[in-house]
Each structure stands twice: as C-alpha cells, then as structure tokens.
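Spelled out, the chains give:
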Amino acid sequence: MPVLSGAEPYRHEGGEVGVLLCHGFTGSPQSLRPWAERLAEHGLTVSLPLLPGHGTRWQDMQVTGWQDWYAEVDRELRALTERCTEVFVFGLSMGGALALRLAARYGDAVRGVVVVNPANKMHDRAAFALPVARFLVPSTKGIASDIAKPGSAELGYDRVPLHAAHSLRQFFRLVDAELPQVTQPLLVLHSPQDHVVPPVDSARVLGRVSSTDVTEILLEQSYHVATLDHDADRIFDESLAFIGRLAPSAGKEGTTTGG
C-alpha cells in the first residue's frame, strides 16, 4: 500500500550530533515532523522513520508487532551512531517507550533521552481480554488526534488493530522491566490532560529509571499529541536546550531528504 501523504519518513543530514525521533502507536512521522524540522534548522542530523505497518491503512498494522517497530528504530539508531559522534533519542507516546528501550540497551551510545507523554501500560480493563479478543474482533476505535489546539490534527488510523495492541501490551511490560537500565540524562514532558496516556505513566518512568540528570516539564495547554498542540514550541525549545547543554558542539548545517 502507498504511504499516506504527510506520513513519509524524514531525514536531514546535518552536523555531528544526531537525533532519532520515534512516533506513536497507529500514528506516523507527521506527528513529529515539525519537531524534526526545528531540530534540522539548528543543524542537527535528524532521522524520523516510519514504523512498519503505520502510515498506510490499519489492516497493514495487523500483521506487525513490537519486534518490527523496535527493529526499525534500532536500525536507524545504528546508522546514526555510525554517522554522528553523539546521538539523542526522542519519542512520543509508544515512541517514548521505544526511545527508552534504546537507551536501556545502548547505554553510553545514547547521549540523552527526551520523551513526550511516554506510554508505559495499557490501563483499559478491556486490555486483559486482548489475548482472546484479538482472534474474535479485528479492531476497535482509534486513539489518534487527541489535540486541544483547534485546526490541528494528527495523521493516524481511525481503528486500532487488536493483534498489534496485544503486542504493544507485551512490549510495555518488557520496557517497564528495563527502565532501571536507563542511566542517561532524561527530559520528560507530559500533559496533565491526556486522554490517551495518563500522567501516571510518566510518573512510573520517572520513578523507575536510574538517571540522575532528570527534568520533568508539564504541558498544561496540550492533550496527548503535544507535538502538534499549544505547547509544541516549548517542547522544541526545551529539547534544543537539552541537547545544547549536553552536546555543545551541536549545530552544523546540512541538507534535507524525505517526503
């Protein structure tokens, strides 16, 4: 299936400091594109991949699982570490969980982590039925576009494939167990009003990581997809300041590729 217009991956060849951005479950690079472009404007090397099964139709996601999504960001991180002297990993929602697992597994190869409304657990009681329900019902209502800002919309599926949701639930358990292995500087930005991922998930991340350099910022004006919401500029500015503090060499010009 062709990729939906706007959901294409994005890459920018910049300087020696790189950033990998991970989008969320049933979403696409579109939700992080403005963030990626702001980073590119400041001379960073940027990679924003399209996760397998995403950006086309929800049926394509039904045959993918967390191993596929993680393999994609793992591959992109490896490419960035070959190209750059220092690499940061950023993520939104499930992308935050992907970023945290990369940090846990790669150690010092990851210089710092920034997550926005990171997902850590499925809280809906219906999630307990997923092992069986996924064979009876193919999908349920979507979770995309939880945004407070009028006129702003996320390009994501209007249905959640249950086979993929079951795999995501397993992934959350895996990442939660690995959080103590996260030691890098960490910036967590989260929305008190989030209709997809409750604030308790960010609290869980903050409470389980082993990082000593930790910053928590509340996004009071935004819902879940805060990167497209009222607090987007604050996210971009805070993440750039975070990189600037940890990697002062950031900021050489480059060229852009992608859709």
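Above this text sits the structure in question.
Residues numbered from 1 in each chain as written. Predicted model: local features only at pLDDT ≥ 70, side-chain atom pairs only at ≥ 80, totals over all residues. Heavy atoms only, no water.

A.B. asks: Help me understand the side chain of His-23 in this model?
C.D. replies: With respect to the helices, strands and loops of the structure, His-23 is situated in the loop between strand E2 (17-22) and helix H1 (33-41). For His-23, the side chain forms a polar contact with the main-chain nitrogen of Leu-51, separated by 3.1 Å. (Helix = DSSP H or I, 4+ residues; strand = E, 2+ residues; numbered from the N terminus. Polar contact = N/O pair within 3.5 Å; in protein donor to acceptor, adjacent residues only side chain to side chain.)

A.B. asks: Would you explain the packing of H1 against helix H8 (residues 232-246) in this entry?
C.D. replies: Each pair of packed helices can be described by the angle between their axes along with the distance between the axes. Running from N to C, H1 and H8 point in directions that differ by 40°, and their axes come no closer than 10 Å. Between H1 and H8, the crossing angle belongs to the class labelled oblique. In this structure, the crossing between H1 and H8 has a hand that is right-handed. Judged by residue contacts, Pro-34, Trp-35, Arg-38 and Leu-39 of H1 engage Asp-233, Ile-235, Phe-236, Asp-237, Ser-239, Leu-240 and Ile-243 from H8. Class assignment for the residues of the contact of H1 with H8 results in 7 nonpolar, 1 polar and 3 charged. (Axes fitted to C-alpha atoms, helices over the stretch in contact; angles between N-to-C directions. Parallel < 35°, antiparallel > 145°, perpendicular 65-115°, else oblique. Left-handed = near helix turned anticlockwise from the far one by under 90°. Contact = heavy atoms within 4.5 Å. Nonpolar A, V, L, I, M, F, W, Y, C, P; charged D, E, K, R; others polar.)

A.B. asks: What am I meant to see in the pattern of salt bridges here?
C.D. replies: It is possible for side chains of opposite charge to pair when their charged atoms get near one another. Inspection of every chain in the model, using the stated rule, returns 14 salt bridges. For Glu-76, the salt bridge goes to Arg-11, with nearest N and O atoms at 2.7 Å. Here Arg-11 lies in strand E1 (residues 10-13) and Glu-76 lies in helix H3 (residues 66-83), a separation of 65 residues in the sequence. Linked by salt bridges that have partners in common, Arg-38, Asp-233 and Asp-237 make up one network. (Salt bridge = Lys/Arg side-chain N within 4 Å of Asp/Glu carboxyl O.)

A.B. asks: Just checking my understanding: could you explain helix H4 (residues 94-106) for this structure?
C.D. replies: An α-helical turn contains 3.6 residues, so any two residues separated by three or four positions project in the same direction. Between its first and last C-alpha, H4 extends 18 Å over 13 residues, near the 18 Å set by a 1.5 Å rise per residue. Among the 13 residues of H4, 11 are classified as buried, and the element is accordingly described as predominantly covered. Those residues of H4 lying buried are Met-94, Gly-95, Gly-96, Ala-97, Leu-98, Ala-99, Leu-100, Arg-101, Leu-102, Ala-103 and Ala-104. After H4 finishes, the residue Gly-107 shows a positive phi value of roughly 55°. (Expected span 1.5 Å × (residues − 1). Buried < 20%, exposed > 50% of the residue type's maximum accessible area, 1.4 Å probe, protein only.)

A.B. asks: What is the right way to read the environment of Pro-248 from this model?
C.D. replies: With respect to the helices, strands and loops of the structure, Pro-248 is situated in the loop between H8 and strand E10 (255-258). Sequence-wise, Pro-248 and Val-73 are 175 residues apart; in three dimensions their C-alpha atoms are separated by 25 Å.

A.B. asks: Is there a simple way to think about the packing of aromatic side chains in this case?
C.D. replies: The relative placement of two aromatic rings is captured by the distance of their centres and the angle of their planes. One pass over the structure, following the stated rule, counts 5 aromatic pairs. For the ring pair Trp-35 and Phe-90, a centre distance of 5.0 Å and an interplane angle of 25° mean the geometry is stacked. Taken as a pair, Trp-35 in helix H1 and Phe-90 in strand E4 (residues 86-92) lie far apart in primary sequence, 55 residues in all. Taking the relative accessible area as the measure of exposure, Phe-90 reaches 0% and is therefore buried. Plain terms: the ring middles of Trp-66 and Phe-171 are 5.4 Å apart, the flat faces sit at 25° to each other, and that makes the pair stacked. Pair noted here: Trp-66 is in helix H3 and Phe-171 is in helix H6 (residues 162-178), with a separation of 105 residues, a long-range link. Accessibility classification places Trp-66 together with Phe-171 in one group, the buried group. Here the aromatic residues Trp-35, Phe-90 and Phe-236 are joined through ring pairs into a cluster of three or more. (Phe/Tyr/Trp six-rings, centres within 6.5 Å; stacked < 30°, edge-to-face > 60°.)

Read these as spatial facts, not as claims about activity.
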